[in-house]
Amino acid sequence: MMKPILQDVSLTEVLRSCARLCDLKLGKKIHASIIRSGLDCNLILSNTLVDMYAKCRSIESARDVFDRMCEKNVVSWTALIAGYTQQGCAGEALLLLRQMVCDSVKPNQFTFSTILRACASLAGREQGKQLHAIIIPSGFESHVVVCNAVMDMYAKCGQIDDARQVFAKMSERDVISWNSLVAGYVQHSNVNEALNLFYQMQQQGMKPDEFTFASIVSACVVLVALNQGRQVHASIMKSGFGSHVVLGSSLVDLYAKCRGLEEACLVFDEMPRRNAISWTTMITGYAQQGKVTEALSFFYQMQQEGIELDEFTLATILGVFASLASLEHGKQIHGKIIRSICNLSVTLGNALINMYMKCGRVEEARLVFDWTAERSVISWTSNVISWTSIISGYGNIGNGKEVVHLFEQMQLSGIKPDHVTFLTILSACSHAGLVDEGWHYFNSMIHQHCIEPKAEHYACMVDLLGRAGQLDEAVTFIREMPFEPNVAVWEALLGSCRIHHNMELGKLAAEFVFKLNPENPASYVLLSNIHAAAGRWGEVSYLRKLMTERGLKKEPGCSWIEVGKKVYAFLVGDRSHPQTEEIYAMLDGLAGKMKEVGYMPDTNFVLHDLEEEQKESVLTHHSEKLAIAFGLINTPTGMSVKVFKNLRVCGDCHTSIKFISTITGREIIVRDANRFHHFKNGICSCGDYW
């Protein structure tokens, strides 16, 4: 039994320790002792109790203590406001501030800095500006803590220029001041200015801390600046932050996204401690580069080491399995979520929808959407992200009619589409060939919903017109854009020129692409493909030489298939599999049967200057055909075969798979870089429009 009065150690210090350690159980015992001792009207103890409960994430208990207090001061109010802010209840925090002012309690610098964080989390720009206006005459504008909070609020509310003005007027700055502005510029994609500030702070004698470095590493990731990232890495090591877990994870992310997987592995292996983010970053890095086996290997190791998977990690891992189209592994994570999480959050629900859709399981994705709408504490059907996720899924399988139906249903439910929703529906219209509908939604976005289209929306419209063969209209559309077209717009036009064999326009589009983004090998390959289809091998040779000189490599085509809970990957002409002889024999047999029923190899899709017979051999052994043959050999008769590819399926493979589906009587599902193709009885769900 606990003594009513603790000796040698003050109750206040014990409660502070409970708050620091998040030891709610001991905190409650101390609270009970305080009540029994008749000290519950002690102002300092009551304030410490509010703070302890808030930091132990028991905001209801904190509020109960606050409401029962015999007297309150600014510390009492600030402690509870901080608690609501930390729990993500920014609205409650703002209401509490109003009540505090009504009770004639003057906020101090800590109150202001806390409530400004609430405004930042709500992106409450107007409330933040009103608070700033109150702070100026109150005399707290000279406090570094308050100025830092004002800057952070403006940056997070999209007012980076206002944040810079506050920074410029500060008579005294600390490292947090610099960090707030650097992070703001990174958040708003002005990474060059973030890097300039990073160099300025060092020139002025301010030493970067781990948070500065984390923002700068993020800037290098955005710029895909591997060399600058290496320099920052060296600075991190010199500054003594080499063992910092968060920075280690950021560096792993940098190297993985800049295609430096070997360096990512070195950083990962040297980390003294690894958390869920470190592991997830490695898994994501391998998955993004098509290294399926390695990604899954890291996932298994992560499980073996007993790493706890939080909501963010689970959502990220689901995203990885979605990109790998690994249905069985995705189902395992779904099972784990059901067993460990009572109420499915919007984030996890969207991740599940995305995973099932990208694995071609439309019914399961729709079940998740409908199930959560009925049972989730959060009103799913009032969440624009959830609607956008399900609409995007139907767009990826080419079901344009259902996309349009869902979009209309969403609006009837009172949900306002945002710019991401419009990007999703425009993309869906593009892949379904719904030109009139695409124009309708683009115009309604501007005139009915008052959303200013971004470059991505214009790129979608160019893709929509270009895929439909309306290349002249696409060019006119680009010329009439209200701002300079970015690389995505010209890439969309270049891709359309590849589909419709328009060499002259393709060369024009490529000129702009190479000027705006000379480091992207895919653009060189697209133009090379246009020349190859026209037999202009000299131009093809020149482009390959140019790529070599610039150190660019074409991403190899890779296809994979999941059989028996194991993923098997294939490259073009791959002979590394133990069943190679069976696979090639299966393809040779199918090729003969296909020719008997009218198949003619389309050698225009062979992008090398070879003899016709050699071209046919190359076509026969494309990676998706190898994966399909493997699936036909290793799955029961009548079972559908699901294959996934990192690049767009070529025209000859598309035609071949239609024939194979008829000859074998199997449904064959192929997900390429653009969409799903469901082949059955010689017909593809895309209607040969992709």
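Residues numbered from 1 in each chain as written. Predicted model: local features only at pLDDT ≥ 70, side-chain atom pairs only at ≥ 80, totals over all residues. Heavy atoms only, no water.

*Asks:* Account for the overall build of the protein chain, with residues named and values stated.
*Replies:* Helix and strand content of the protein chain: 36 helices and six strands. The C-alpha radius of gyration of the protein chain comes to 30 Å, within 12% of the 26 Å expected for a compact globule of 690 residues. Dimensions of the protein chain, computed from the C-alpha atoms along their principal axes, are close to 95 × 55 × 55 Å. Classification of the 690 residues of the protein chain by burial places 51% in the buried group. Of all intrachain contacts in the protein chain linking residues separated by at least 6 positions in sequence, the fraction that spans at least 24 positions is 62%. (Helix = DSSP H or I, 4+ residues; strand = E, 2+ residues; numbered from the N terminus. Rg over C-alpha atoms; globule rule 2.2 N^0.38 Å. Buried < 20%, exposed > 50% of the residue type's maximum accessible area, 1.4 Å probe, protein only. Contact = heavy atoms within 4.5 Å.)

*Asks:* Break down the environment of Gln289 for me, with residues and values.
*Replies:* Looking at where Gln289 falls in the secondary structure, it is placed in the loop between helix H17 (276-288) and helix H18 (292-304). Sequence-wise, Gln289 and Asn646 are 357 residues apart; in three dimensions their C-alpha atoms are separated by 9.2 Å. Excluding its chain neighbours within four sequence positions, the residues that come into contact with Gln289 are Ala256, Arg259, Gly260 and Leu261.

*Asks:* A description of unusual backbone geometry should follow, citing residues and the corresponding values.
*Replies:* Backbone geometry at Cys22 places phi at a positive 55 degrees, although glycine is not the residue there. One can find Cys22 in the loop between helix H1 (11-21) and helix H2 (24-36). With phi around 50 degrees, Asn681 is a residue other than glycine that occupies positive phi space. Mapped onto the elements of the fold, Asn681 is located in the loop between strand S5 (676-680) and strand S6 (683-684). Overall, Asn681 belongs to the exposed group, its relative accessible area being 56%.

*Asks:* Account for the sheet that holds S5, naming residues and giving values.
*Replies:* What the six strands build is an open sheet, ordered S2-S1-S3-S4-S5-S6; its pairing is mixed. Of all the strands in the sheet, just strand S2 (566-571) and S6 have a single pairing partner and so form its edges. Pairing of strand S4 (residues 668-671) with S5 involves four bridges; the strand directions are antiparallel. In the sheet register, Ile668 faces S5, and the bridge partner there is Phe679. (Pairing = 2+ DSSP bridges.)

*Asks:* Quick rundown of the pairing of strand S3 (residues 641-645)? Include the residues and the values.
*Replies:* Extensive coverage of S3 is indicated by the burial of four of its five residues. Judged from the two bridges that link them, strand S1 (residues 558-563) and S3 form a sheet pairing that is antiparallel. Paired with Ser559 across the bridge in S3 is Lys645. Sheet analysis places S3 next to S4, joined by four bridges and oriented parallel. Across the sheet, the residue bridging to Lys642 is Ile669, located in S4. The parallel pair S3 and S4 is bridged by helix H36 (residues 651-664), and the resulting crossover is right-handed. (Right-handed = clockwise from strand over helix to strand, strands pointing away.)

*Asks:* Describe the pairing of S2, naming the residues involved and giving the relevant values.
*Replies:* Judged from the six bridges that link them, S1 and S2 form a sheet pairing that is antiparallel. Looking at the pairing, Trp560 lines up with Ala569 of S2. Hairpin connection from S1 to S2: two residues lie between these consecutive antiparallel strands, with Gly564 at a positive phi of about 60 degrees.

*Asks:* Residues and numbers for the state of the cysteines, please.
*Replies:* As used in these notes, a disulfide is a covalent bond between sulfur atoms, one from each of two cysteines. Under the counting rule described, the total for this entry stands at one disulfide. With its sulfur 2.0 Å from that of its partner, Cys41 forms a disulfide with Cys70. Of this pair, Cys41 sits in the loop between H2 and helix H3 (43-55) while Cys70 is found in the loop between helix H4 (59-68) and helix H5 (74-86), placing the two residues 29 residues apart along the sequence. We note that Cys265 lacks a disulfide partner, and the nearest cysteine sulfur, in Cys258, lies 15 Å from it. (Disulfide = S-S within 2.5 Å.)

*Asks:* I'd love a proper account of the side chain of Arg675, names of residues and values included.
*Replies:* Among the structural elements, Arg675 can be located in the loop between S4 and S5. The side chain of Arg675 is buried and forms no salt bridge, while Asp672, the nearest opposite charge, is found at 6.4 Å. Among the polar contacts listed, one links the side chain of Arg675 to the backbone oxygen of His431, at a separation of 2.9 Å. When near neighbours in sequence (up to four residues on either side) are disregarded, Arg675 contacts Asn396, Ile397, Gly398, His431, Val670, Ser685, Cys686, Tyr689 and Trp690. (Lys, Arg positive; Asp, Glu negative; His and termini not counted. Salt bridge = Lys/Arg side-chain N within 4 Å of Asp/Glu carboxyl O. Polar contact = N/O pair within 3.5 Å; in protein donor to acceptor, adjacent residues only side chain to side chain.)

*Asks:* Quick one: what's the story with the packing of helix H20 (residues 327-340) against helix H21 (residues 346-358), residue by residue and with numbers?
*Replies:* The angle between the axes and the distance between the axes are what describe a pair of packed helices. Across the interface, H20 lies against H21 with an axial gap of 10 Å and an inter-helix angle of 160 degrees. In terms of axis orientation, H20 runs roughly antiparallel to H21. Crossing geometry of H20 relative to H21 is assigned as left-handed. Where H20 approaches H21, its residues Leu327, Gly330, Lys331, His334 and Ile337 are matched on the opposing element by Leu348, Leu352, Met355 and Tyr356. When grouped by side-chain class, the residues that make up the contact of H20 with H21 number six nonpolar, two polar and one charged. (Axes fitted to C-alpha atoms, helices over the stretch in contact; angles between N-to-C directions. Parallel < 35°, antiparallel > 145°, perpendicular 65-115°, else oblique. Left-handed = near helix turned anticlockwise from the far one by under 90°. Nonpolar A, V, L, I, M, F, W, Y, C, P; charged D, E, K, R; others polar.)

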